[in-house]
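Now for the letters of each chain:
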Amino acid sequence: MVNLSVELGDLKLKNPVLTASGTFGYGEEYADFVDLNRLGGFIVKGTTLEPREGNDYPRMAETPSGMLNAVGLQNKGVDYFIEHIYPRICQYKSEIIVNVSGKCVEDYVTVCEKLSDLDRINAVEINISCPNVKQGGMAYGTTCEGAAEVASAVRKAWGRHMIVKLSPNVTSIADIARAVEDAGADSVSLINTLLGMAVDVERRRPYLSTVTGGLSGAAVKPVAVRMVWQVAKAVSIPVIGLGGIMNGHDALEFIMAGARAIEVGTANFIDPSVTMKIIDEITEFCERQGVEDINELVGII
Amino acid sequence: MANKKYMLDMTVTENKVLGSLYGLLKLVPSDGSKLPLTRAGQFVQVEIADSKTTYLRRPISVNYIDEATNSLWLLVRKAGEGTRHLTAASVGHKINVILPLGNGFSMDVKTSDRLLLVGGGVGVAPLLYLGYKLREAGCEPEFLLGARSAADLLMLEEFEKVGKVYCSTEDGSAGEKGLVTANSAFNTRYDRIYCCGPMPMMKAVAAVAKEKNIECEVSLENRMTCGLGACLCCVEKKADGHNVCVCTEGPVFNTKELPW
């Protein structure tokens, strides 16, 4: 038996496979395809203090080996999550992690305070890297000061595990990672989407209503692996890797580059059962290579 | 969640070329399992494997479910690289399909109801299965099919097996010349209209229905990613101002729910 369990500081996962926020709804959308209890955990849709309608349609453009999205954090707000969604999903035996977003620091703090009442939420993922909102979001994640400001404010209000999700749209992601580590983050996850753009030349206009959007999918993977490697060398807190993971092989690339856990995002759209296959493929790899504990592979590069 | 969804490998048993732009694919589950119960107006998400330029699945409406042969019919328009790839699939080829998705058309009809099913271009696809289901419910559905020209009127003989068919073509090469909304079919009083086609056509039909106070359902085809209500890409703004996913709250909407 290969040991797949990993520890992100005080957060224990039965395996390193998580689902990326915004690609897996609230888990239940995938219940026909995935044994949700088998996942290391699932990270639910970006949650804000107030309900948000998100951006105008069209919000998606397919690109080579990837896609651009401009959803803009559409969600019904934290109170709706607590009253209506959490009671439905709290039965699952995997970690349920809430991705938290805000247009100001106080929003992040208030959302986390409200989530503190929920027993099953052992971790939040602080999103300072959404490229699709005008206020907050990526604005915080692109400077060390902004990132640290959000992280330290949430740190005071949230006693459980705090993941900070980093933007790749920066000059030095390692510097941002160090800043949030110093501000009290328990772990960092990276990368959020890369800011991109696509033009419909026949119609002479951008594909997205917002002109620019976030690029995800296999196309971003080499950039993401490189950034995970850089960040893992720069900080001592655990790193969660994501960006274009389509299979177990991709997941292992991130793990060897320094990720203690990984998130699967866009791949869920193409194969809704892909997370189960990734767990199986990681296990098979370890068996084939005689690896008894997945932790042996973390950061070997 | 409404009905259980399945991800199945399906084998192509027939691939018929329809004109230069369309293909009719017939698929059966590769493992011999029975196709899940599917409502008219629901859709499937088709994986486009081995294509260099296509990354995501393609949403395709259910054209017909042939229970006798356990086969799913998909009427596909070559709209881009992905659908072109799909229509090139040879007999015996395996295609991964997620189904059934979305809500489907309302079936709360009385046998005395007069029903008009209006389709434009490839939008005629879901109306064939709907026509059969309405017949099963004891109704006598009528069809109004529109296209640019006679060559773009798809599966006419199939529709004629189900009910009376009116046609409109923009160039007058078949049926009446002009848009579907000008067709003499509208001289009759209908109790309900079901419509699927290009957005301007659906809006025009919805306007006629509204003016005559006829119930009208339309099937939208917003650009989708997951088809499961997770990514929130395919949203449509409803009359109440809220964005909803076309893949789960639709693709069929009563036009009263839309700000049209």
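Because the structure is predicted, anything quoted here is derived from the model rather than measured.

Colleague: Explain the interface of chain A and chain B to me, please; I cannot follow it from the model alone.
Modeller: It is common to give the size of an interface as the accessible area lost on bringing the parts into contact. Taken together, the 36 residues of chain A in the interface contact 31 residues of chain B. Seen at the junction of chain A and chain B, the total is 1 salt bridge. Residue Glu62(A) pairs with Arg58(B) through a salt bridge whose shortest N-O separation is 2.6 Å. Seen at the junction of chain A and chain B, the total is 12 residue pairs in polar contact (both at pLDDT 80 or more).

Colleague: Which parts of the structure should I look at to understand the packing of aromatic side chains?
Modeller: Each aromatic ring pair is summarised here by two numbers: the centre-to-centre distance and the angle between the ring planes. One pass over the structure, following the stated rule, counts 11 aromatic pairs over all chains. Judged by centre distance (6.4 Å) and plane angle (55°), the ring pair of Phe81(A) and Tyr86(A) falls under tilted. Of the two residues examined, Phe81(A) and Tyr86(A), each falls in the buried class. Relative to Tyr194(B), the ring of Phe105(B) lies with its centre 5.4 Å away and its plane at 85°, an arrangement referred to as edge-to-face. On the criterion of sequence distance, the pair formed by Phe105(B) in the loop between strand S7 (94–101) and strand S8 (115–120) and Tyr194(B) in strand S12 (residues 192–196) is long-range, its members being 89 residues apart. Exposure class is identical for Phe105(B) and Tyr194(B). Each is buried. Feature note: the residues Phe24(A), Tyr30(A), Phe42(A) and Tyr92(A) constitute an aromatic cluster, connected by ring pairs. Directly above the aromatic system of Tyr166(B) lies the positively charged group of Lys164(B), at a separation of 4.8 Å from the ring centroid.

Colleague: I keep staring at helix H1 (residues 78–89) of chain A and nothing clicks. Help me out?
Modeller: Residues spaced three or four apart along an α-helix point in a common direction, a consequence of the helix completing one turn every 3.6 residues. All names here are of chain A. Regarding H1, the residues found buried are Val 78, Phe 81, Ile 85, Tyr 86 and Ile 89. Taken end-on, H1 shows its buried residues confined to a sector of 105°, consistent with a single buried face. In this structure, the buried residues of H1 make contact with strand S4 (41–47), strand S7 (95–100) and helix H2 (105–115).

Colleague: Just checking my understanding: could you explain the sheet that holds strand S3 (residues 17–19) of chain A for this structure?
Modeller: Sheet strands pair by backbone hydrogen bonding; their relative direction is either parallel or antiparallel. All names here are of chain A. Pairing is parallel in the closed barrel, where 8 strands are placed in the order S3-S4-S7-S8-S9-S10-S15-S16. Across this sheet, the average inter-strand angle for adjacent strands is 25°, counted without regard to direction. Sheet topology note: the S3/strand S16 (residues 261–264) ladder contains 3 bridges and is parallel. Its bridge partner being in S16, Val 17 is matched across the sheet by Ile 262. The strands touched by H1 within the sheet are S4 and S7, with S4 carrying the most contacts at an inclination of about 155°.

Colleague: Can you help me understand the state of the cysteines in this one?
Modeller: What makes a disulfide is a covalent bond joining the sulfur atoms belonging to two cysteines. Residue and element names in this part refer to chain B. In the structure shown here, the tally under the stated rule is 0 disulfides over all chains. With no disulfide partner, Cys 216 has as its closest neighbouring cysteine sulfur the one in Cys 195, 5.9 Å distant. Judged by relative accessible area, which is 1%, Cys 216 ranks as buried.

Colleague: I would appreciate a short explanation of empty space enclosed by the protein in the present structure.
Modeller: A probe as big as a water molecule, rolled over the atoms, marks out the empty space that is left. Inspection of the entire model under this criterion finds 1 cavity of 30 Å³ or more. Considered as a void within the structure, the largest cavity measures approximately 480 Å³ in volume. Among the residues making up the lining of the largest cavity, the classes are represented as 16 nonpolar, 17 polar and 3 charged.

Colleague: Would you mind showing me how to read the pairing of strand S9 (residues 161–165) of chain A here?
Modeller: If a strand is regular, its side chains alternate between the two faces of the sheet. Residue and element names in this part refer to chain A. Counting buried positions over the 5 residues of S9 gives 5, a clear majority of the element. Both faces of S9 are covered, namely the face carrying His 161, Ile 163 and Lys 165 and the face carrying Met 162 and Val 164. One ladder, built from 5 bridges, connects strand S8 (residues 123–127) with S9; its direction is parallel. Across the sheet, residue Glu 125 finds its bridge partner in S9, namely Ile 163. Pairing geometry for S9 and strand S10 (residues 187–190), over 3 bridges, is parallel. In the strand pairing of S10, Ile 163 is matched with Ser 187. One crossover worth recording links S9 to the parallel S10 by way of helix H5 (residues 173–182), and it is right-handed.

Colleague: Sorry, what's going on with the pattern of salt bridges here?
Modeller: Close approach of charged atoms allows side chains of opposite charge to pair. All told, the structure shown has 21 salt bridges over all chains when counted by the stated rule. Here Arg203(A) ties to Asp200(A) by a salt bridge, and the two come within 2.9 Å at their closest N and O atoms. The class of Asp200(A) is buried, set by a relative accessible area of 8%. The partner of Glu158(B) in a salt bridge is Lys161(B), with the nearest N and O atoms 3.5 Å apart. Since its relative accessible area comes to 17%, Glu158(B) is described here as buried. A single network of salt bridges, built from pairs that share partners, joins Lys221(A), Asp250(A) and Glu253(A).

Colleague: So what exactly am I meant to see when it comes to the layout of surface pockets here?
Modeller: As a volume, the second largest pocket reaches approximately 860 Å³. Every residue lining the second largest pocket is counted, 35 residues in all, and those nearest its centre are Lys76(A), Gly229(B), Cys245(B), Thr248(B) and Glu249(B). Listing elements by their share of the lining of the second largest pocket, those giving two or more residues are H1 of chain A together with S7, strand S15 (243–245) and helix H5 (246–249) of chain B. Looking at the lining of the second largest pocket residue by residue, the class counts come to 14 nonpolar, 10 polar and 11 charged.

Colleague: I would appreciate a short explanation of the environment of Ser116(A) in the present structure.
Modeller: Residues and elements named next belong to chain A. Structurally, the position occupied by Ser 116 is in the loop between H2 and S8. When the C-alpha atoms of Ser 116 and Ala 157 are compared, they prove to be 8.7 Å apart, with 41 residues separating the residues in sequence. Within the structure, the side chain of Ser 116 is placed 2.9 Å from the backbone oxygen of Cys 112, a separation counted as a polar contact.

Colleague: Help me understand the side chain of Thr87(B), please; the structure alone is not making it clear to me.
Modeller: Residue and element names in this part refer to chain B. Along the chain, Thr 87 falls in helix H1 (residues 81–87). The exposure class of Thr 87 is buried, given its relative accessible area of 11%. Ignoring anything within four residues of it in the chain, the contact list for Thr 87 reads Asn 15, Gly 23, Val 76 and Lys 78.

Colleague: Help me understand the domain arrangement of chain B in this model?
Modeller: Residue and element names in this part refer to chain B. You can read the domains of chain B as domain 1 (6–101), domain 2 (105–219) and domain 3 (220–260). Using only C-alpha atoms to locate each centre, domain 1 and domain 3 end up separated by 23 Å. Contacts between domain 1 and domain 3 engage 6 residues on the former and 8 residues on the latter. Summed over both partners, the interface of domain 1 with domain 3 buries about 590 Å², with 67% contributed by carbon and sulfur atoms. Among the residues of domain 1 in contact with domain 3, Phe 43, Gln 45 and Leu 101 are the three that bury the most area, contributing 54% of the side total. For the interface between domain 1 and domain 3, the tally reads 0 salt bridges. Grouping the constituent residues of the side of domain 1 that touches domain 3 by class yields 4 nonpolar, 2 polar and no charged.

Conventions and cut-offs
- The residue count restarts for each chain, going from 1 along the sequence in the order it is written.
- The naming scheme follows written order: chains are lettered A onward, ligands numbered 1 onward.
- Local features in a predicted model are, by the rule used here, given only for residues with pLDDT of at least 70; side-chain atom pairs are given and counted only at 80 or more, and totals for whole chains, interfaces and linings are based on all residues.
- The side-chain quantities take in all heavy atoms of the structure and omit both hydrogens and water.
- Should any heavy atoms of two residues lie within 4.5 Å, those residues are counted as being in contact.
- A pair is scored as a salt bridge if a Lys or Arg side-chain nitrogen falls within 4 Å of a carboxyl oxygen belonging to Asp or Glu.
- Between N or O atoms, a polar contact is any pair within 3.5 Å; within protein, one atom must be a potential hydrogen donor and the other a potential acceptor, and residues adjacent in sequence are included only when both atoms are from side chains.
- Any pair of Phe, Tyr and Trp rings, taking the six-membered ring for Trp, is counted once the centres come within 6.5 Å. Such a pair is stacked with planes under 30 degrees apart, edge-to-face with planes over 60 apart, and tilted for the rest.
- For the exposure calls, accessible area comes from a 1.4 Å probe over protein chains only, and a residue counts as buried if that area is under 20% of its type's maximum, exposed if over 50%, partly exposed in between.
- Counting from the N terminus, the helices are DSSP H or I runs at least four residues long and the strands are E runs at least two residues long.
- Counted as over-ring charges are cases with an Arg CZ or a Lys NZ within 6 Å of the ring centre that also lie within 35 degrees of the ring normal.
- Relevant arc is that of directions from the helix axis to the C-beta atoms, nothing else.
- Two strands pair under a simple rule: DSSP has to find at least two bridges between them.
- Note on definitions: angles span 0 to 180 degrees between N-to-C directions of axes, and those axes are lines fitted to C-alpha atoms, for helices only across the stretch in contact.
- Throughout, a disulfide means two cysteine sulfur atoms within 2.5 Å of one another.
- Residues are said to line a cavity or pocket when one of their atoms sits within 4 Å of a point; the points come from a 1 Å grid over protein atoms alone, cavities being sets where a 1.4 Å probe fits but cannot get out and pockets being open sets with protein on both sides within 12 Å along at least five of seven lines.
- Grid points are joined across faces, edges and corners, and a volume is the space filled by probe spheres set on the points.
- Residue polarity follows a fixed list, in which Ala, Val, Leu, Ile, Met, Phe, Trp, Tyr, Cys and Pro are nonpolar, Asp, Glu, Lys and Arg are charged, and the others, Gly among them, are polar.
- Here, the term right-handed applies to a crossover whose path from the first strand over the helix to the second runs clockwise when the strands point away from the viewer.
- What counts as a domain boundary in this text is fixed by an automatic or database domain assignment.
- Buried area: the accessible surface (1.4 Å probe) lost by two parts on joining, summed over both.

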